[in-house]
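The chain contents come next:
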Amino acid sequence: MLPGGFLLVGVFVISPPEVSKEAPNILRKLIFATEKCAMKNKLWNLTDEDITDRVALQICSSTNKIVCRTFDVKDPKSTAKPADWKYQSVPPSWLTVECNMEVDLTVSLPSSATYQEQQKCIRTSLARWAKDIEDCTILLNGQLRDKDGDLVEEQKKGRSVPSGRQIVSATILKPSNISERSTARVQVSNSSLKLQGVVKCRGYVCHSKPKVKDAIQVIKRDLLNTISDRCDIMFEDLLVNRSERGSGKSPRPLPLPQRVFIPAPARCCAITSLERRAEKRCGRGSWRCWIRK
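Owing to the predicted nature of the structure, the values given are computational and were not obtained by experimental measurement.

S.K.: Whenever I open this one, the overall build of the protein confuses me. Can you help?
M.R.: The helix and strand tally for the protein stands at six helices and 12 strands. Across the 293 residues that make up the protein, the buried fraction comes to 38%. Here the contacts in the protein between residues at least 6 apart in sequence split such that 76% fall between residues at least 24 apart. When the accessible surface of the protein is totalled, it reaches about 18300 Å², and 52% of it is carbon and sulfur.

This is how it looks when you write it as structure tokens:
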């Protein structure tokens, strides 16, 4: 449920001196396990431009000594590299990208399939939908911009940048695919899953000179993450409460979880305190999931 542009940067451990020798091995295992869990079932992949170094932070509970190391999670054989750890009193300037996206996706489920097979079928359909999202055109503040251009044009023209939280409005335009032909598939099914509603997406760009492609990437990833994570929670709910849901033939709406943005206390770390400037807001669009038997 992290907004677009946010990734897990690492793990930390606070330990007494007597277990300090064991902490590096524990942190290394946690780094790769956390990354594997965080990227599981993602509908997008890391690019060559993404930073793949993750932080392992060890804090001694007696001396408060801090040891910071990084590991490259793309390389399973990666060794620890020393890194500096510095505190920052003032968070950097973050630019907010927001978008409302209407989703209407129907998935046909096989008639004779286990729960795991149905979940795999839904995952496959979501992957095809994600490919369409990757091919979408993004308008920023109603304009089609060059991907390699600067996101904030006022900086280029020498104009004063407005103070406070800067918000860029994004619009996702899906291709029509009218000219493309595809082979029809016949599948025996007795149920379908319909994801329908409006998703409120939000992403953050933190660069001294943000590019248009950075804003496009964070808003697309936020949309894909939101759908993927909500479906995972829905799968767990269906598995736990299958007997309570019943097996009626009428469509049954299931509310999907909503992500709520709240202010963070000023005493939080620099990354977390960025949310302090974000107004309290929850998804205004209605979300519902129909299951038809």
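There's plenty left to go through after this.
S.K.: Quick question: what am I supposed to make of helix α1 (residues 23-39) here?
M.R.: The first and last C-alpha atoms of α1 sit 24 Å apart over 17 residues, in line with the 24 Å expected at 1.5 Å per residue. Those residues of α1 that sit buried are Ala23, Leu27, Ile31, Phe32 and Glu35. The buried side chains of α1 occupy one side of the element, clustering within an arc of 160° when seen end-on. Facing away from the buried side of α1 by more than 90 degrees, the exposed set consists of Asn25, Lys29, Lys36 and Cys37. Turning to α1, the residues buried within the fold contact β1 (10-15), β2 (53-60) and β3 (66-72). At the exit of α1 stands asparagine 41, carrying a positive phi of roughly 65°.

S.K.: Whenever I open this one, the pairing of β2 confuses me. Can you help?
M.R.: Each regular strand carries side chains that alternate between the two faces of the sheet. Burial analysis of β2 places six of its eight residues in the buried class, the great majority of the element. The pairing of β2 with β3 spans seven bridges and is antiparallel. The partner of alanine 56 across the bridge, within β3, is arginine 69.

S.K.: Sorry, what's going on with the pattern of salt bridges here?
M.R.: In a structure, side chains of opposite charge can pair up when their charged atoms sit close to one another. Enumeration over the complete set of coordinates arrives at 10 salt bridges. Aspartate 135 is paired through a salt bridge with lysine 131; the nearest N and O atoms lie 2.9 Å apart. Take aspartate 135: its relative accessible area is 43%, and that puts it in the partly exposed class. Where salt bridges share partners, they join Glu49, Asp148 and Lys213 into one cluster.

S.K.: Looking at this structure, I do not really get the confidence of the model for the protein. What am I missing?
M.R.: Do not read the predicted coordinates in detail wherever pLDDT is low. Mean pLDDT for the protein: 78, with 76% of residues reaching 70 or above. In this model residues 267-293 is a low-confidence stretch, pLDDT under 50, and it forms 95 contacts with partners more than four residues away in sequence or in other chains.

S.K.: Help me out: how do you make sense of unusual backbone geometry in this one?
M.R.: Trans peptide bonds make up the majority, and among non-glycine residues the majority have a negative phi. One non-glycine residue, asparagine 41, lies in the positive phi region at around 65°. With respect to the element layout, asparagine 41 can be found in the loop between α1 and β2. Taking relative accessible area as the criterion, asparagine 41 reaches 31% and is therefore assigned partly exposed. Look at asparagine 64: it is not a glycine, yet its phi comes out positive at around 65°.

S.K.: Looking at this model, I keep getting lost on the environment of proline 253. Mind explaining?
M.R.: With respect to the helices and strands, proline 253 occurs in strand β9 (residues 252-254). Placed 58 residues apart in sequence, proline 253 and leucine 195 show a C-alpha to C-alpha distance of 9.8 Å.

S.K.: Mind showing me how you'd approach the pairing of β3 here?
M.R.: Between β2 and the antiparallel strand that follows it, β3, lie five residues; asparagine 64 among them carries a positive phi value of about 65°. Pairing between β3 and strand β4 (residues 81-82): two bridges, direction antiparallel. Looking at the pairing, threonine 70 lines up with lysine 81 of β4.

S.K.: Looking at this model, I keep getting lost on the environment of alanine 33. Mind explaining?
M.R.: Examined against the element boundaries, alanine 33 turns out to sit in helix α1. Residue alanine 33 is classed as partly exposed on the basis of its relative accessible area of 43%. Spatially, the C-alpha atoms of alanine 33 and valine 73 are 9.7 Å apart, while their sequence positions differ by 40 residues.

S.K.: What should I look at first to understand the layout of surface pockets in this one?
M.R.: To find the voids left in a structure, one rolls a probe of water-molecule size over its atoms. Size it by volume and the second largest pocket reaches roughly 490 Å³. Listing elements by their share of the lining of the second largest pocket, those giving two or more residues are α1, α2 (115-134) and α4 (212-240). Class assignment of the residues belonging to the lining of the second largest pocket gives a composition of 12 nonpolar, four polar and seven charged.

S.K.: Would you explain the sheet that holds β2 in this entry?
M.R.: Strand pairing in a sheet is mediated by backbone hydrogen bonds. Such pairs are either parallel or antiparallel. One open sheet holds the four strands; their spatial order is β1-β2-β3-β4, and the pairing between them is mixed. Pairing within the sheet leaves two strands with one partner each, and these edge strands are β1 and β4. Here β1 runs beside β2; their pairing, made up of six bridges, is parallel. If you follow isoleucine 14 over to β2, its bridge partner there is isoleucine 59.

S.K.: Could you clarify how one ought to interpret the environment of isoleucine 133 in this entry?
M.R.: Among the structural elements, isoleucine 133 can be located in helix α2. Measuring from C-alpha to C-alpha, the distance between isoleucine 133 and leucine 173 comes to 8.9 Å, with 40 residues separating the pair along the chain. Contact partners of isoleucine 133, with chain neighbours within four places excluded, come to Met101, Lys220, Leu223 and Leu224.

What counts, and at which threshold
Residues numbered from 1 in each chain as written. Predicted model: local features only at pLDDT ≥ 70, side-chain atom pairs only at ≥ 80, totals over all residues. Heavy atoms only, no water. Helix = DSSP H or I, 4+ residues; strand = E, 2+ residues; numbered from the N terminus. Buried < 20%, exposed > 50% of the residue type's maximum accessible area, 1.4 Å probe, protein only. Contact = heavy atoms within 4.5 Å. Areas by Shrake-Rupley, 256 points an atom, 1.4 Å probe, with all protein chains shown as cover. Expected span 1.5 Å × (residues − 1). Arc of directions from axis to C-beta. Pairing = 2+ DSSP bridges. Salt bridge = Lys/Arg side-chain N within 4 Å of Asp/Glu carboxyl O. pLDDT = per-residue confidence, 0-100. 1 Å grid on protein atoms, 1.4 Å probe; cavity = no way out; pocket = protein on both sides within 12 Å on 5 of 7 lines; lining within 4 Å. Points joined across faces, edges and corners; volume = space filled by probe spheres on them. Nonpolar A, V, L, I, M, F, W, Y, C, P; charged D, E, K, R; others polar.

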